[in-house]
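Spelled out, the chains give:
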Amino acid sequence: MASTGKAQSLEQTPTWAVAVVCFVLVAISIVIEHLIHVVEKWLKKKHKTALAEALEKVKAELMLMGFISLLLTILQGPISDICIPKNIAATWHPCSKNQEKQKVAKADDSDNSGRRLLQFLDSGESHRRVLASKYDKCAERGKVALVSSYGIHQLHIFIFVLAVVHVLYCIITYFLGRTKMRKWKAWEVETKTLEYQYHNDPERFRFARETSFGRRHMQLWSKSSILLWIVCFFRQFLGSVTKVDYMTLRHGFIMAHLAPGSETRFNFQKYISRSLDEDFKVVVGISPIIWFIAVLFLLTNTHGKHNIVI
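Residues numbered from 1 in each chain as written. Predicted model: local features only at pLDDT ≥ 70, side-chain atom pairs only at ≥ 80, totals over all residues. Heavy atoms only, no water.

Taking an unreviewed UniProt entry as the reference, the protein is identified by name as MLO-like protein belonging to Salix suchowensis. Listed in UniProt under the heading Subcellular location (unreviewed entry), the comment for the protein reads: "Membrane". Its UniProt record gives the protein a comment under Sequence similarities (unreviewed entry), which states: "Belongs to the MLO family." (UniProt positions renumbered as here; feature names shortened; annotations may be inferred.)

The structure is reproduced here in structure tokens:
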């Protein structure tokens, strides 16, 4: 059986242990703050205004996470003091009771494995009793806590992981886009040569179906929105933008937005790069809609007839 001893307070903890933990936390915070400052200074030096603003959004998200963490820590006790009837607390659960019984039955198949599992569960229960000391007060009244302290602790972790994964996903997507755009630089340099201007008469772009771009995209699947979406989805992992696509898009953009004769002076690759920075600045922030979707997922991620999100 796991020990059910009471958790030690700071008065019963060695001062060197407390000092080491505080020193590590403060050191990590200072290093992260310094790295953010160095990156921000470098972006401003390179005149990457959009990325500097994106970094400011990341800093704002970190501050928001710290504020949420503070609120959850302060309100952990008052929230766990709110008691509700057991019949209401038994509704809208993520898992069914049968699934919980099956887990217990599997644990009984092997004595050794079952014993280790019970020890683990008992230690987890002891941890929950430490975190959720207010739960017993509701149990004495024949009720259940609205959200136990252990549940608030898990919610704290969920919100933190949600924010970190979103920011990392945006950063990874940005760098993958940058990596794919590297070869566009050579294509842009090619447009400045006399050979390219001689072999690429603008009049030839008027007959779309007679060009390589037209033969590549104007197929039978391009007439169906569903098939077009499927083809584009798989094409992004292979050759989403070929040289023909880049040259055609560049020519179309110049014809639509710039004066005639701007083909050799305009750098389309740099324009796309700046556009990517502007888009990254928008998507890196966690908007209220994303928070609302996360709350909606928590609400509808239930078992049985209440299950809405699949």
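The next thing to look at is the state of the cysteines. Structurally, a disulfide amounts to a covalent bond that connects the sulfur atoms of two cysteines. In total, this model carries one disulfide according to the counting rule given. With its sulfur 2.0 Å from that of its partner, C83 forms a disulfide with C138. As the torsion about the S-S bond is roughly -75°, the C83-C138 disulfide counts as left-handed. Highlighted residues: C83 in strand 1 (residues 83-85) and C138 in helix 6 (residues 135-140), separated in sequence by 55 residues. Overall, the relative accessible area of 17% leaves C83 in the buried class. (Disulfide = S-S within 2.5 Å. Helix = DSSP H or I, 4+ residues; strand = E, 2+ residues; numbered from the N terminus. Buried < 20%, exposed > 50% of the residue type's maximum accessible area, 1.4 Å probe, protein only.)

Moving on to helix 13 (residues 288-300). A rise of 1.5 Å per residue sets the reference length of helix 13, with its 13 residues, at 18 Å; its end C-alpha atoms lie 18 Å apart and thus fit the reference within 8%. Those residues of helix 13 lying buried are W291, A294 and T300. Where helix 13 is buried, its residues contact helix 2 (49-81) and helix 7 (149-190). (Expected span 1.5 Å × (residues − 1). Contact = heavy atoms within 4.5 Å.)

Our next topic: the side chain of H166. Among the secondary structure elements, H166 is positioned in helix 7. Among the polar contacts made by the side chain of H166, one reaches the main-chain carbonyl oxygen of V283 at a distance of 3.2 Å. (Polar contact = N/O pair within 3.5 Å; in protein donor to acceptor, adjacent residues only side chain to side chain.)

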